[in-house]
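# Remarks on the overall topology
Residue strings, one per chain:
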Amino acid sequence: MKRPRSKGFRLLKKLRLNLLLILVLLVMGGIFYRVIRNTLLQNYQALGTSLAQSYALEVDGDLSVFETLLTFGAESIDARVQAGESAAEIEAWIGRYYERLQQVLGEGTVDPYAVFQGRLLAANPWDGDIDYDYTGAGWYQAALADGGDPIFTDIYTDAIYHRPVITIAQMCKDCDAVLAFDVFPENLLRNAGDDELAEGASVYVCDNQGTLLYARTELDQEGEEFAGYIARLQAGIRDGSLNRYDTPIEASDGSQRGVYHQRISTGWMVIITVPFHTILDNLNQVTLLFGLVMLVWVAALLLVTWRNLRLDQAVERTNETVRVLGNSYYALYRVNYRDDTYEMIKGSEYVRSFLPPNGPYPELLRVTGEVIEPAAFTEFQESFSSDSIRNLVSNRVRDYGGDFLRRFGEEYRWVSVRVLFDESLSPDEVVLCFREVDQEKHRQFQERKLLEDALASSRQSEKAKQSFFNNMSHDMRTPLNAILGLSDLIRQYAEEPERVRSYVEKISYSSRQLLDLVNDILDMSRMQQGKVILNNQVFDLRACVGDCVDSFRLQAEAEGKELREHYELRDAHVLGDSNRISQILNNLLSNAFKFTAGGDEVSVSVRQLDERTRAQYQIVVRDTGAGMSPEFLPHLFEPYARETRFTSQQVSGTGLGMPIVKSLVTQMSGQIYVDSRLGEGTTFTITIPFLPSREPGVQPERPGSPELIQEAFSLRGKKILLAEDNLVNMEIATEILTMNGLEIVQAWNGLEALERFQASAPFEIDAILMDMQMPQMDGCEAARRIRALSRPDARRVPILAVTANAFTEDVAATTAAGMDAHISKPIDFRVLCETLERLTR
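Below or above, wherever it landed, is the structure these notes cover. (Residues numbered from 1 in each chain as written. Predicted model: local features only at pLDDT ≥ 70, side-chain atom pairs only at ≥ 80, totals over all residues. Heavy atoms only, no water.)

Pairing geometry for strand β19 (residues 562-568) and strand β21 (residues 601-608), over 7 bridges, is parallel. Across the sheet, the residue bridging to R564 is S603, located in β21. Here 7 bridges tie β21 to strand β22 (residues 615-623), and the two strands are oriented antiparallel to one another. Within β22, the residue paired with S605 across the bridge is V620. (Pairing = 2+ DSSP bridges. Helix = DSSP H or I, 4+ residues; strand = E, 2+ residues; numbered from the N terminus.)

This part covers the sheet that holds strand β14 (residues 358-360). Ordered in space as β14-β13-β12-β17-β16-β15, the 6 strands form an open sheet in which the pairing is antiparallel. Taken across any chain shown, the strands that pair with only one partner, and hence form the sheet edges, are β14 and β15 (399-408). Looking at each pair of strands side by side, their axes are set apart by 25° on average, direction ignored. Pairing of strand β12 (residues 331-336) with strand β13 (residues 341-346) involves 5 bridges; the strand directions are antiparallel. Bridging from a neighbouring strand, L332 pairs with K346 of β13. Its contacts with the sheet put helix α9 (residues 361-369) on β12, β13, β14 and β17 (429-436), and the angle it makes with β14 is roughly 90°. (Axes fitted to C-alpha atoms, helices over the stretch in contact; angles between N-to-C directions. Contact = heavy atoms within 4.5 Å.)

It is worth spelling out helix α17 (residues 578-594) at this point. In this model, α17 (17 residues) spans 24 Å end to end at C-alpha, consistent with the 24 Å of a helix rising 1.5 Å per residue. Taken across its 17 residues, α17 has 15 buried, putting it largely inside the fold. In this structure D577 caps α17, since a side-chain oxygen of it lies 3.1 Å from the backbone nitrogen of N579. (Expected span 1.5 Å × (residues − 1). Buried < 20%, exposed > 50% of the residue type's maximum accessible area, 1.4 Å probe, protein only. Polar contact = N/O pair within 3.5 Å; in protein donor to acceptor, adjacent residues only side chain to side chain.)

Attention now goes to the state of the cysteines. Taken as a whole, this structure holds 0 disulfides when the rule is applied. Summary of cysteine pairing: C175 is not part of a disulfide, and the nearest cysteine sulfur, belonging to C172, is at 4.1 Å. C175 sits in the buried class, given a relative accessible area of 15%. (Disulfide = S-S within 2.5 Å.)

A few words now on the environment of D220. On the secondary structure map, D220 appears in the loop between β8 (212-216) and α4 (224-239). In sequence terms D220 and S252 are 32 residues apart; their C-alpha atoms lie 8.0 Å from each other. Within the local environment of D220, its side chain forms a polar contact with the backbone nitrogen of E222, the two atoms lying 3.2 Å apart.

As a further point, take the pattern of salt bridges. Following the criterion strictly, the structure yields 35 salt bridges and no others. A salt bridge links R244 to D246; the nearest nitrogen and oxygen atoms lie 2.9 Å apart. Among the salt bridges present, the one from R334 reaches E429, with a minimum N-O distance of 2.7 Å. Separated by 95 residues along the polypeptide, R334 in strand β12 and E429 in strand β17 bring together distant segments of the chain. Considered together, R334 and E429 belong to a single accessibility category, that of buried residues. If you follow the salt bridges from partner to partner, you end up with R396, R398, D422 and E423 in one network. (Salt bridge = Lys/Arg side-chain N within 4 Å of Asp/Glu carboxyl O.)

The phi angle at D340 is positive, at roughly 60°, despite the residue not being glycine. When you line up the elements, D340 lands in the loop between β12 and β13. Phi at S669 is positive, roughly 65°, even though this residue is not glycine. Assignment of secondary structure puts S669 in the loop between α18 (657-667) and β23 (671-677).

What follows deals with the environment of V286. With respect to the element layout, V286 can be found in helix α6 (residues 281-309). In this structure V286 comes out as partly exposed when scored by relative accessible area, which is 44%.

Read from one edge to the other, the open sheet built from 5 strands follows the order β26-β25-β27-β28-β29, with strand pairing classed as parallel. At either end of the open sheet lies a strand with only one pairing partner, and these are β26 (743-747) and β29 (821-824). Each adjacent strand pair in this sheet contributes to an overall mean axis angle of 20°, direction not counted. For strand β25 (residues 719-723) and strand β27 (residues 767-770), the ladder comprises 4 bridges, and the chain directions are parallel. Within the sheet, the bridge partner assigned to A723 lies in β27 and is M770. Most of the contacts of helix α21 (residues 750-759) go to β26, to which it runs at about 130°, and overall it touches β25, β26 and β27. The strands touched by helix α24 (residues 829-840) are β25, β27, β28 (799-803) and β29; relative to β29, the strand with the most contacts, the crossing angle is about 170°.

Here it is, written out as structure tokens:
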């Protein structure tokens, strides 16, 4: 009979396996170090090559700029010769050209000069330049030989400055003039930063002959050692010996460096070297950390082994179970995952009716799984199998499990099934326990539901707020632009009354348009819910479209764009909502101007399609701008959708303009189509059914017109207390109301308004116009205090809130404060006088 092995023997065996595992890990660590080292070098080779390409592009870009400016100068001289300009005029232009070069490139970046009609014209003259024999210079001969194409010399020492230079020269094609730049090598890579370079890295640029043009390095560049290092560096690149990622070169300071290079279009070479110790710095730190972890692990292993040897094996099994689990479980089982057996400490009534106190563990899983919800049966079997428990114990997972629905009679309730492991248990044993958690689970579900609802509400609120502010910024820009531009024109043509009157009319129109946009923003929630109310009345469609187009003319002139309009209308007067038509056109024209450049064309055409009772009207807005990609077109009318493929510039806007247009067109029973191609432009075609009207209809009155107020109302002799803290608003309101025969008492805050009313005789003040937000005391508080005064007119005097606060809650606040009406800013003085007449009658 085989004798059972002691616990100490098993612990020693476990220790032996752990030591073997440590040895294996050390070997794997060495392999890991080698693999990581090679990977780091390979990755840095790709990074270094990419950096070399980046610097090469920078050098190429600088040379391309110089070449472009040189070609521009040569072609300009040709053009002026062909135009018949005199030599003096051309020389004067060359002088201006030199000055412009210094402004564009910066002082000292290049030294330009030209040979024109046998004379050397230098931007920076020197002693003896008149006698300088340029005909023997290499740059001059090369330029003549190339016949009009730019040439680059290798580096040489300049005879004037005695500094290394590179000359770029080009001969004019229509005359014998030659234009040349001396480029100083230290100005190469002048815009390249060091942020992307590793610590200790060096950058070199060499010409076709291997001469060092540029060096950015921490190495000592003096002496033969550095020159020899550069020569070895170039030789290794030529013969390919330095092309491997793990082949370093020994620098002049003795450091081992990786080499990465890239040739540019002129044949020059950009070389970057990086010390190996910089590349492998993190690897060395990881190696040190790995060694420390191994030492800590060995120490911990020895400590655990010593502790396990001293454990008391005489502790009773039942006390062990009670100490580990307690009495909060309705079923407890000790499971030996090595022998695949169980021992029932406490069993449910269902399990006791089918199983004995001890038996095979798979049978226990089968019986307990029969009352687990069918959908979770497989998961239950896999999670608590002997193999799974063995894996959990090997990973030192002391508490593992999950929640399942278990059948109790005819209903399912939530239970928590856990596997508990502890060193105080016998080896190869765990405790499997079951606890009912139905109430806790339902409480968790309720809490999660509350959190999800709160999160959803918060996100929706944030989204709505962001949508509000973004839309306000987007849609207000166009009328504000018209107002500002026309205001500037009024200052310029103040002595021309007819022109000023025209500009004022357009400012008035743009102001009303801006007010309409503010109202649209306040109605946005109703639009999203499909509750937009159309204010249909007879209007002139041609005039409506023309006013919208005119508001963009200043912008078109300023941006060099052509704005056209075309009409084919038999019945210009139609029944519809002119404000919504204006809003649609403003959105489409605003987008057209955003995505067009100078020289592009924007056109608006309006056409009547037939003469039936309810005719179809077609509005086409076309531009020759950037266009849209086929991938974006299906998303054009989605909120916040933006086309960004065609431009790298940031384009203002909310992404709500097109959804608003789509919603309004649909609300008007119309249709909208879009045809767009990248680089060719975009065409929006809107078809809307309007009811033609043979009568011209009543044109809407312009708000705030003093003449109309005088004709419609008679408020002369009324005394009005006006509370307003803004100087401009106070002046406008006082002037217009005084023009209509009202006497105005001014108050600059709520407290002053209260004092002025208290100082007046009873019934002396006929009405009060009260702003809401004022210093010292706001309008609502002032209204409440006036209503609370003990005088006969305190409760009867009409108080009107005249404020920019136009939201529903603001109206409610003024009503609660005892005010009789609410007038939103900007003030429609016709509505204001109608309200005053109604309240003071």
